[in-house]
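# Tertiary structure, described
Read off the chains here:
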Amino acid sequence: MLPRDVISTGSLILRPPVKADAEAIVKMCDDPVTARFMPLLPRPYTREHALAYVKDAAATWHDGGAEYTITQDGRFAGSIGVRPPDHWGVTELGYLVAPWARGGGLAATAARGVTDWLFDQGVRRVELQAEVENVASLLVALRAGFREEGRRRDAKRLRDGRFADFVMFGRLRGEGAERVEPYLPFFEGGELGDGVVRLAPMAAGDAEDYHRMISDPSVTAYAVTPATTLEDDERRCRCTGYWWVSGQRVELAVRDAASGAFAGHVQLVQVAPALGQAMIGYSLAPSFRGRGFMTRAVRLLVEWAFSSTPLHRIVAGTDAGNTASQAVLERTGFLREGLHRELLPKPDGSRADDVQWAVLRPSGRSGNGAAQAAGRDPRHGAAGA
């Protein structure tokens, strides 16, 4: 059984919840963001629910777990709980942050502090799970020293009835637990733009437009991956934040800045921190070709990569017959580096030559970031302009 200690970590004090917390608990749990990622919470969440939680928290302690209220400067800021450790000394923690306390790293501080305390109590392993779309929680895990250990597909049912993937993290007693920042930082302000095009992270709402674009014959003619279903592409769009946080890839929707319409897709994949290299790929919807959209999109992404990440080289591969894609690369400063003969499989069973391109970090420009993870996607640049 875990002791009912009060934990001090950073600027936070963690203590068992009390009835006086009820009003703040209601405001936290009735928040739309909380409701989105905590589907088992009642909706609406009432004072009666909060008082029942406080009562159940006492039972959690009695059963061998722990339930804490997080306070900062004496004010309620969230909650964090721990399941009773099993026979092998393994437990799992979960947390909620009140809307007024978000954005300051509070959850990561609390998660790290509770985990360290658990190790002091003899716990051997602490686990944490985060929904694949819950980017804030994914960041908490990394910043609290947890290591990613895999993805549980369709692990839990959400409030809307859909099953969602969850990412599993773990920490072991005695191992290093450094705070990890993403190798690929998020865009400042959430997107890039030049007044004509905007680049924003792909989201579930882009799935239909994306699927329609990559199913167009002019795009499939240069694709090297199998055809996908709309369900496949919706799952892909839901994973983009996770891929970005974990340093695997950046997946972006290209939008018409004037109308906001989906115009195409651009990505950084095959991120290799040891080499300081990543591959760019792109596709443009037929109705937006001939207007320079993809040239602008590639230029924006390359400039961001060299100013905001440690990447030194960005490479691309194009079908030898895809002259539109090659023109985009030439206009954005890429130089041809070589040819891979008969590398790319074609829908008719033949193979096409792959023309290799690269652009290097401008001399004197340094980027920011720390090495973390690598990912892979074999799709090459498709028709664009």
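Structural notes, computed from the coordinates. (Residues numbered from 1 in each chain as written. Predicted model: local features only at pLDDT ≥ 70, side-chain atom pairs only at ≥ 80, totals over all residues. Heavy atoms only, no water.)

### Overview of the nonpolar core
To keep it simple, the criterion reads: For our purposes a nonpolar core is just a set of buried Ala, Val, Leu, Ile, Met, Phe, Trp, Tyr and Cys residues, chained together by side-chain atoms within 4.5 Å. For each residue, the accessible area found with a 1.4 Å probe, counting protein chains only, is set against the maximum for its type, and the residue is called buried under 20%, exposed over 50%, and partly exposed in between. Numbering of helices and strands runs from the N terminus; a helix is a DSSP stretch of H or I covering at least four residues, while a strand is a stretch of E covering at least two. Residue contacts are counted whenever heavy atoms from the two residues lie within 4.5 Å of one another.
With 48 residues, the main nonpolar core has Leu 199, Leu 268, Ile 280, Leu 301, Trp 304, Ile 314 and Phe 334 as its most contacted residues. A per-element tally of this core places helix 10 (residues 293–308) first, with 10 residues. Setting aside chain neighbours within four positions, we find Ile 314 in contact with Leu 268, Ala 278, Ile 280, Val 302, Ala 305, Phe 306, Phe 334, Trp 357, Ala 358 and Val 359. If you look at the next biggest cluster of nonpolar residues, it comprises 42 residues, including Ala 77, Ala 107, Ala 130 and Ala 141.

### Quick word on the packing of aromatic side chains
Given two aromatic rings, one states the distance between the centres and the angle between the planes to describe the pair. Spelled out, the test is: Between the rings of Phe, Tyr and Trp (Trp by its six-membered ring), a pair exists once the centres lie within 6.5 Å; its type follows the angle of the planes, with under 30 degrees stacked, over 60 edge-to-face, and the other angles tilted.
A complete count under the given rule lists seven aromatic pairs for this structure. Taking 5.0 Å as the distance between ring centres and 80° as the angle between the ring planes, the aromatic pair formed by Phe 187 and Trp 244 counts as edge-to-face. Here Trp 244 lies in helix 9 (residues 240–245) and Phe 187 lies in the loop between strand 8 (163–172) and strand 9 (192–193), a separation of 57 residues in the sequence. When sorted by exposure, Phe 187 lands in the same class as Trp 244, which is buried. When the ring of Phe 187 is compared with that of Trp 304, the centres are 5.0 Å apart and the planes differ by 85°; the resulting orientation is edge-to-face. Of the two residues, Phe 187 is situated in the loop between strand 8 and strand 9 and Trp 304 in helix 10; the sequence distance between them amounts to 117 residues. The class of Phe 187 is buried, set by a relative accessible area of 6%.

### Here's the deal with the packing of helix 1 (residues 22–29) against helix 3 (residues 47–62)
Cut-off, in case you're wondering: The axes are straight lines fitted to the C-alpha atoms, using for helices just the contacting stretch, and the angles between their N-to-C directions are given from 0 to 180°. Roughly parallel means an angle under 35 degrees; roughly antiparallel, over 145; roughly perpendicular, 65 to 115; everything else is oblique. By convention the crossing between two helices is left-handed if the near helix lies anticlockwise of the far one by an angle smaller than a right angle, and right-handed if it lies clockwise. In this classification, Asp, Glu, Lys and Arg are treated as charged, Ala, Val, Leu, Ile, Met, Phe, Trp, Tyr, Cys and Pro as nonpolar, and every other residue, Gly included, as polar.
Running from N to C, helix 1 and helix 3 point in directions that differ by 110°, and their axes come no closer than 9 Å. Taken together, the axes of helix 1 and helix 3 are roughly perpendicular relative to one another. Helix 1 and helix 3 meet at a crossing whose hand is right-handed. Residue-level inspection shows Ala 22, Glu 23, Ile 25 and Val 26 of helix 1 in contact with helix 3, the latter providing Arg 47, Ala 50, Leu 51, Tyr 53 and Val 54. Looking at the contact of helix 1 with helix 3 residue by residue, the class counts come to seven nonpolar, no polar and two charged.

### Notes on the sheet that holds strand 16 (residues 351–360)
To keep things clear, this is the line we draw: Whether two strands pair depends on DSSP finding at least two bridges between them.
Spatial strand order, 9-10-11-12-13-14-16-15: eight strands in an open sheet with mixed pairing. Each edge of the sheet is formed by a strand with only one pairing partner; in this case those strands are strand 9 and strand 15 (335–345). Most of the contacts of helix 10 go to strand 13 (residues 277–284), to which it runs at about 160°, and overall it touches strand 9, strand 10 (197–201), strand 11 (250–256), strand 12 (262–272), strand 13, strand 14 (313–319) and strand 16. Against the sheet, helix 11 (residues 323–331) touches strand 13, strand 14 and strand 16, its axis set at about 155° to strand 14.

### Some thoughts on helix 6 (residues 207–214)
Filter applied, for reference: Throughout, the arc means that of the directions going from the helix axis to the C-beta atoms.
Of the positions making up helix 6, those classed as buried are Ala 207, Tyr 210, His 211, Met 213 and Ile 214. Relative to the axis of helix 6, the buried residues are bounded by an arc of 160° and lie together on one face. Exposed residues pointing more than 90 degrees away from the buried face of helix 6 are listed as Glu 208 and Arg 212. Contacts from the buried residues of helix 6 go to helix 7 (217–220), helix 8 (230–238), strand 12 and strand 13.

### Focus on the sheet that holds strand 8
Pairing is mixed in the open sheet, where eight strands are placed in the order 1-2-3-4-5-6-8-7. Sheet topology places strand 1 (7–9) and strand 7 (147–157) at the edges, where each strand pairs with a single neighbour. Direction aside, the axes of adjacent strands within the sheet are offset by 30° on average. Here strand 4 (residues 75–82) pairs with strand 5 (residues 90–97) via five bridges, running antiparallel. Residue pairing for strand 5: Gly 78 is matched across the bridge by Val 97. Most of the contacts of helix 4 (residues 106–120) go to strand 5, to which it runs at about 155°, and overall it touches strand 1, strand 2 (12–15), strand 3 (66–72), strand 4, strand 5, strand 6 (125–131) and strand 8.

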